[in-house]
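Here is how the chains run, residue by residue.
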Amino acid sequence: MSSKNFKSSVVTGIVWSAVQLAINRGLSFIIKMVLAKLLFPEQFGLVGMAAVFASFVQVFNDIGIGAALVQRKDKDLREEHFQTAFWTGVIWSTSIYLLIVIVVSPLAAIFYKEPMLRQIIPALSLGVLASPVNLVHQAQLTRAMSFKKLAFISNVSTAFSGVLSLTLAYLGAGVWSLVFNSVATIVIAMPLFFRATGWTPKLMWDKKAFKDVFGFGVYTTGTNLFNNLISNIDYLLIGKLLSAAALGTYTLAFVLTDTFRNQLMAMMGKVMYPVYGKKQDDPKALKRYYLKVVKYNSIFVYPAMIFFITLGTPFVQNYFGQKWIGAIEPLKILAVSVMIHMLTNSHASLIRGLGKPKLEMKIQFFKAVFLYVPLISLGIHFYGIVGAAYAYVLNKIFEVFIAQYFLKKLVNVTFGELLFHMRTPLIASVVAFIVSTSLYSLHLHYILCGVALFISYCAVVWLFMKDELKTQLSDLKFLKKKNLAVQ
């Protein structure tokens, strides 16, 4: 692939992934907002308890095969790899689901003393059976950088599952409206993936192909396991040590902040992971791509976090009501943690794209065992959900230094270069913070303050990046004309 065509694929991938994120996350956010008004914190907490226990088993679901299929070079990939991955996934996922039903659900019910989890967890985990069917198709579309098709599949399945969950909530289904929201998304995507790729499974399994993908995937699975521990240790301990209502309250704060950040990074990571893989022998290109990703991810995330920091109180009080008042303080603290985390966003995709999944797993193991578990445990023990939020801030600070150490070794990214590339979103955030807090102190309505926050933020970004943004827009227009000419 020529450099121009490669750049075209990257830009097109980012554009379509951005479309997917905007629609998908927008729909999901609206659905969660409506469900939060209809339901209660304890119902969110019950699903959070179920999701935590199920996730520790589900993390082994694709045993890293999907990531291995994407990372391998074209010359090293055969049809046998895809067929072997499919059938291995089907057999493995069936075993995982049986383990969830027979062992995990009763264990969770005993651990949390919530008998209803025996029914919730098996239903919530039905997606385990469908995910290996989607795995190969998704890997093929990602390798081909067909992000337009991935965006369509994701958005259609999200919209359908959202309508289903809202209908169930209005009909009084309670907690089950949350359960089927996540399950329906995966199931609905299945026929859409088959249609998008045209690939069909055959009775084929190759031992060498299995070793090829599993050798890479085992480290990816280890990484996912430690990522899962990092992501869910707070949910696990809050549900056990506090209550379902406390977990539900914390979940809302987390969904509005860190989940939003995670979804954006997942979108960009999906685009950049195959890019990093294809450019793994070009450290200068990797460095250039990485710094751009960090900057643009932060530009999109920071204004939302500043809004929650400055205007989170009136937002929660006016929209969600008094039943969610306990989410305000952790919401603001978690927003700060997200802003810190953005200084290292995308580094995991870079390390994996370089073909170093073992290093990635070691880093995540260290963070999980020596940072997240002890700090969050102490935070929850002494200060409840607020303590968990403060522990997240500390963990993110340590993460910045850890990530920066390895980035310097791998692609020679210094901390000074990182801050230089981050100057625009950082300065824009300071200006937006001052504008919004000043206006709110004058008793202006919080929505108007939010509008002023967004306008001032965008104005600063435009001031610092006007030429760069104009170039990006020109490239997009050129690519659009090029694609139309090809069609």
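Scoring rules and cut-offs
Residues numbered from 1 in each chain as written. Predicted model: local features only at pLDDT ≥ 70, side-chain atom pairs only at ≥ 80, totals over all residues. Heavy atoms only, no water. Axes fitted to C-alpha atoms, helices over the stretch in contact; angles between N-to-C directions. Helix = DSSP H or I, 4+ residues; strand = E, 2+ residues; numbered from the N terminus. Parallel < 35°, antiparallel > 145°, perpendicular 65-115°, else oblique. Contact = heavy atoms within 4.5 Å. Nonpolar A, V, L, I, M, F, W, Y, C, P; charged D, E, K, R; others polar. Buried < 20%, exposed > 50% of the residue type's maximum accessible area, 1.4 Å probe, protein only. Polar contact = N/O pair within 3.5 Å; in protein donor to acceptor, adjacent residues only side chain to side chain. Expected span 1.5 Å × (residues − 1). Bend = angle between axes of the 7 residues up to and from the residue. Core = buried A, V, L, I, M, F, W, Y, C linked by side-chain atoms within 4.5 Å. Patch = residues over 30% accessible without salt bridge, like charges linked within 9 Å, V, L, I, M, F, W, Y side chains within 5 Å. Areas by Shrake-Rupley, 256 points an atom, 1.4 Å probe, with all protein chains shown as cover. Salt bridge = Lys/Arg side-chain N within 4 Å of Asp/Glu carboxyl O.

K.L.:
What is the right way to look at the packing of helix α11 (residues 283-320) against helix α12 (residues 328-341) in this model?
P.N.:
Any two packed helices are characterised by the angle at which their axes cross and by the distance between the axes. For the pair α11 and α12, interaxial distance at closest approach is 9 Å and the crossing angle is 175°. As the angle between them shows, α11 and α12 are arranged roughly antiparallel. Across from Val301, Tyr302, Met305, Ile306, Phe308, Ile309, Gly312, Thr313, Val316 and Gln317 in α11, the residues of α12 making contact are Ile328, Leu331, Lys332, Ala335, Val336, Val338 and Met339. Across the contact of α11 with α12, the residue classes break down as 13 nonpolar, 3 polar and 1 charged.

K.L.:
So what exactly am I meant to see when it comes to the side chain of Thr251 here?
P.N.:
For Thr251, the location among the structural elements is in helix α10 (residues 244-278). Accessibility expressed as a relative area gives 8% for Thr251, which makes it buried. Within the local environment of Thr251, its side chain forms a polar contact with the backbone oxygen of Leu247, the two atoms lying 2.6 Å apart.

K.L.:
Can you walk me through helix α6 (residues 127-143) in this structure?
P.N.:
Since the α-helix packs 3.6 residues into each turn, any two residues three or four apart lie on the same face. If you check α6, its first and last C-alpha atoms are 23 Å apart, about what 17 residues at 1.5 Å a residue would give, namely 24 Å. Of all bends in α6, the biggest is about 35°, found at Asn134. Of all 17 residues making up α6, 14 are buried, and the element is well covered by its neighbours.

K.L.:
Just to check I follow, could you spell out the side chain of Ser125 for this structure?
P.N.:
Relative to the elements of secondary structure, Ser125 occurs in the loop between α5 (117-124) and α6. The buried category is assigned to Ser125, whose relative accessible area is 0%. Filtering out sequence-adjacent residues up to four positions away, Ser125 remains in contact with Ala54, Gln58, Tyr97 and Ile100.

K.L.:
How do you make sense of the nonpolar core when you look at a structure like this?
P.N.:
Side chains of a nonpolar character, in soluble globular proteins, are inclined to be buried together. Membership of the largest hydrophobic core comes to 112 residues, with the highest contact counts inside it found for Leu117, Ile121, Tyr250, Phe315 and Phe320. With 18 residues, helix α14 (residues 357-411) is the single largest residue contributor to this core. If near-sequence neighbours (up to four positions away) are discounted, Leu117 is found in contact with Leu46, Met49, Ala50, Ser105, Ala108, Ala109, Tyr112 and Pro122. Phe86, Val133, Val136 and Trp199 belong to the second-largest nonpolar core, a separate cluster that totals 10 residues.

K.L.:
Can you walk me through a nonpolar patch on the surface in this structure?
P.N.:
On the surface, Leu98, Leu99, Val101, Ile102 and Val103 cluster together to form a nonpolar patch covering roughly 420 Å² of accessible area. Assessed through its relative accessible area of 39%, Leu99 is described here as partly exposed.

K.L.:
Which parts of the structure should I look at to understand the pattern of salt bridges?
P.N.:
Scanning the model with the defined rule gives 6 salt bridges in all. In this structure, Asp258 and Arg261 form a salt bridge, with 2.7 Å as the shortest nitrogen-oxygen distance. Placement of the pair is Asp258 and Arg261 together in helix α10, with a separation of 3 residues, close to one helical turn. We note that Asp258, like Arg261, is buried. Here Glu468 makes a salt bridge to Lys292, at a shortest N to O gap of 3.3 Å. Separated by 176 residues along the polypeptide, Glu468 in helix α17 (residues 446-486) and Lys292 in helix α11 bring together distant segments of the chain. Look at Glu468 and you get partly exposed, because its relative accessible area is 23%. One salt-bridge network, in which partners are shared between bridges, spans Lys292, Lys295 and Glu468.

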